[in-house]
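Understanding the architecture of this molecule
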Amino acid sequence: MPAVTVDNILALPRITDPVPAAQPRPVLSVTTAPRGFEGDGFPVHRAFASIEMRHLDPFIHMDQMGEVHYAPGEPKGTPWHPHRGFETVTYMIDGTMEHQDSHGGGGTIANGDTQWMTAGGGILHIETPPERLVTSGGLFHGVQLWVNLPREDKLVAPRYQDISRDRVALLSSPDGGALIRVIAGDLDGHRGPGSTHTPITLLHVSLARGARVTVPWNAEFNALAYVLAGDGSAGADRRPIHSGQTVVFGRGDTLTIDAADEQDSRTDTLEVFVLGGKPIREPVAMAGPFVMNTKAEVIAAFEDFQAGRFGSVPATGGLPGPAQ
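Read on for an overview of the structure.

Evaluation of the coordinates by the stated rule reveals ten salt bridges. One salt bridge in this structure joins Asp258 and Arg212, with 2.7 Å as the shortest N-O distance. On the criterion of sequence distance, the pair formed by Asp258 in strand β23 (residues 254-259) and Arg212 in strand β18 (residues 212-216) is long-range, its members being 46 residues apart. On the basis of relative accessible area, Asp258 is assigned to the buried category, the value being 5%. One network of salt bridges, in which partners are shared, links Arg84, Asp304 and Arg309.

See the structure below:
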């Protein structure tokens, strides 16, 4: 880790230093993600556990998948399951995952690729490691984020975006100490390739030992940072952070992250997933794989799923699995 690197970081476009009048975002909280299991039993960290929804909006849920080294025969995925009312963003840092859906979409993502699935009005999909990875075993590490859809887009037609690693915008901090990958949204005038219904920004930032990065941040957006690996600090007061922790930032114009001078044996860098978006500020009614505005809409989603209105599983795909 990370999957997308460059030979000469100083050749990349650089973000600008913050203007003197910029207001730094304070750290409101640092929480540790509990461990759990998803799908057929692959390990995850529940990044947003115990964080109030008002700090997350427009995000709903996020899992760090792995990091795990599978032995031959161990790699696992998820069975066929439904979604409605939101988008899933799957970012693979290491390893390979195959997606398939009931509308004919899907594909393979690996080593820095992102797959963006708008479930919209309803879809069935499956996520599995390829057979060769099951046979050989290997490293598996990624992030899956759920992005809420506003009321008017809850029932849009499903779609996929396959965002290959070579399309991600690559930037450097002013001194070259941080590599910034812009997956979606805008950072300092540089846009990522992801197309969003809700205005958001998604970054994967790698900081060298002892490096600091201060990034400009849309004042209308919330701001979160999840530590994928390594040790460091967040905010002007340098709150300590380490792998598996989520930082909630308060209001302001910039956010700052520092990498510790010493890292553990697993990584030479501090790896952070930074995200934020414009809050939707609508009621959220959520049950399992359905994220709607009211309880009645959630019940309708279950009924539509049971009635087969989310499309059909391909003949080679087997029967739909339990809802996730």
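Further remarks concern the pairing of strand β21 (residues 239-242). Relative to β21, strand β20 (residues 231-234) runs antiparallel, the two being bridged by four bridges. Residue pairing in the sheet places Ala234 in a bridge with Arg239 of β21.

What follows covers the sheet that holds strand β12 (residues 159-163). On the basis of which strands lie adjacent, the open sheet formed by seven strands has the order β2-β3-β4-β11-β6-β9-β12 and antiparallel pairing. Both outer strands of the open sheet, β2 (35-38) and β12, are each paired with one neighbouring strand and no more. Looking at each pair of strands side by side, their axes are set apart by 25 degrees on average, direction ignored. Here strand β6 (residues 86-94) pairs with strand β9 (residues 114-118) via five bridges, running antiparallel. Across the sheet, the residue bridging to Tyr91 is Thr114, located in β9.

The next thing to look at is helix α3 (residues 295-306). With twelve residues, α3 should cover 16 Å at 1.5 Å per step; its first-to-last C-alpha distance of 17 Å lies within 8% of that length. Considered for burial, the residues of α3 that qualify are Val298, Ala301 and Asp304. Here the buried residues of α3 occupy an arc of 120 degrees about the axis, which is enough to place them on one side. Along α3, the residues that are exposed and aim more than 90 degrees away from the buried face are Lys295, Ala296 and Gln306. Those residues of α3 that are buried are in contact with β25 (285-287) and β26 (290-292). Phi turns positive one or two residues past the end of α3, at Gly308, with a value near 80 degrees.

Structurally, the position occupied by Lys76 is in the loop between β4 (59-70) and β5 (78-83). Judged by its relative accessible area of 30%, Lys76 is partly exposed. Note: C-alpha distance between Lys76 and Ser312 (236 residues apart in sequence) is 23 Å.

Right, let's talk about the sheet that holds strand β1 (residues 27-32) for a bit. Taking strand neighbours across the sheet as the criterion, the seven strands line up as β1-β22-β19-β24-β17-β14-β13 in an open arrangement whose pairing is antiparallel. Looking at which strands have only one partner, the edges of the open sheet turn out to be β1 and β13 (169-172). Between one strand axis and the next, the sheet turns by 20 degrees as a mean value, whatever way the strands run. Two elements, strand β14 (residues 178-184) and strand β17 (residues 200-208), share six bridges in a ladder whose sense is antiparallel. Considered in β17, the bridge of Arg181 is made with His204.

As enumerated under the stated definition, the model contains six aromatic pairs in all. Centroid distance Tyr70 to Phe140: 6.2 Å. Interplanar angle 50 degrees. Geometry classified as tilted. Of this pair, Tyr70 sits in strand β4 while Phe140 is found in strand β11 (residues 138-148), placing the two residues 70 residues apart along the sequence. Ring centres of Phe290 and Phe302 lie 4.7 Å apart, and the angle between their planes is 90 degrees; on these two criteria the pair is classed as edge-to-face. Taken as a pair, Phe290 in strand β26 and Phe302 in helix α3 lie far apart in primary sequence, twelve residues in all. The exposure class assigned to Phe302 is partly exposed, which follows from its relative accessible area of 29%.

Here the focus is unusual backbone geometry. Of note, the amide linkage connecting Asp57 to Pro58 takes the cis form, showing an omega dihedral of 20 degrees. Mapping Pro58 onto the fold places it in the loop between α1 (53-56) and β4. Cis geometry marks the peptide bond from Gly66 to Glu67; its omega dihedral reads 10 degrees. Secondary-structure assignment places Glu67 in strand β4. Although it is not a glycine, Asn111 adopts a positive phi angle of roughly 50 degrees. Among the structural elements, Asn111 can be located in the loop between β8 (106-110) and β9. Although it is not a glycine, Asp188 adopts a positive phi angle of roughly 55 degrees. Along the polypeptide, Asp188 turns up in the loop between β15 (186-187) and β16 (190-191).

So, how was this worked out
Residues numbered from 1 in each chain as written. Predicted model: local features only at pLDDT ≥ 70, side-chain atom pairs only at ≥ 80, totals over all residues. Heavy atoms only, no water. Salt bridge = Lys/Arg side-chain N within 4 Å of Asp/Glu carboxyl O. Helix = DSSP H or I, 4+ residues; strand = E, 2+ residues; numbered from the N terminus. Buried < 20%, exposed > 50% of the residue type's maximum accessible area, 1.4 Å probe, protein only. Pairing = 2+ DSSP bridges. Axes fitted to C-alpha atoms, helices over the stretch in contact; angles between N-to-C directions. Expected span 1.5 Å × (residues − 1). Arc of directions from axis to C-beta. Contact = heavy atoms within 4.5 Å. Phe/Tyr/Trp six-rings, centres within 6.5 Å; stacked < 30°, edge-to-face > 60°.

Any link to function would need more than the numbers given here.
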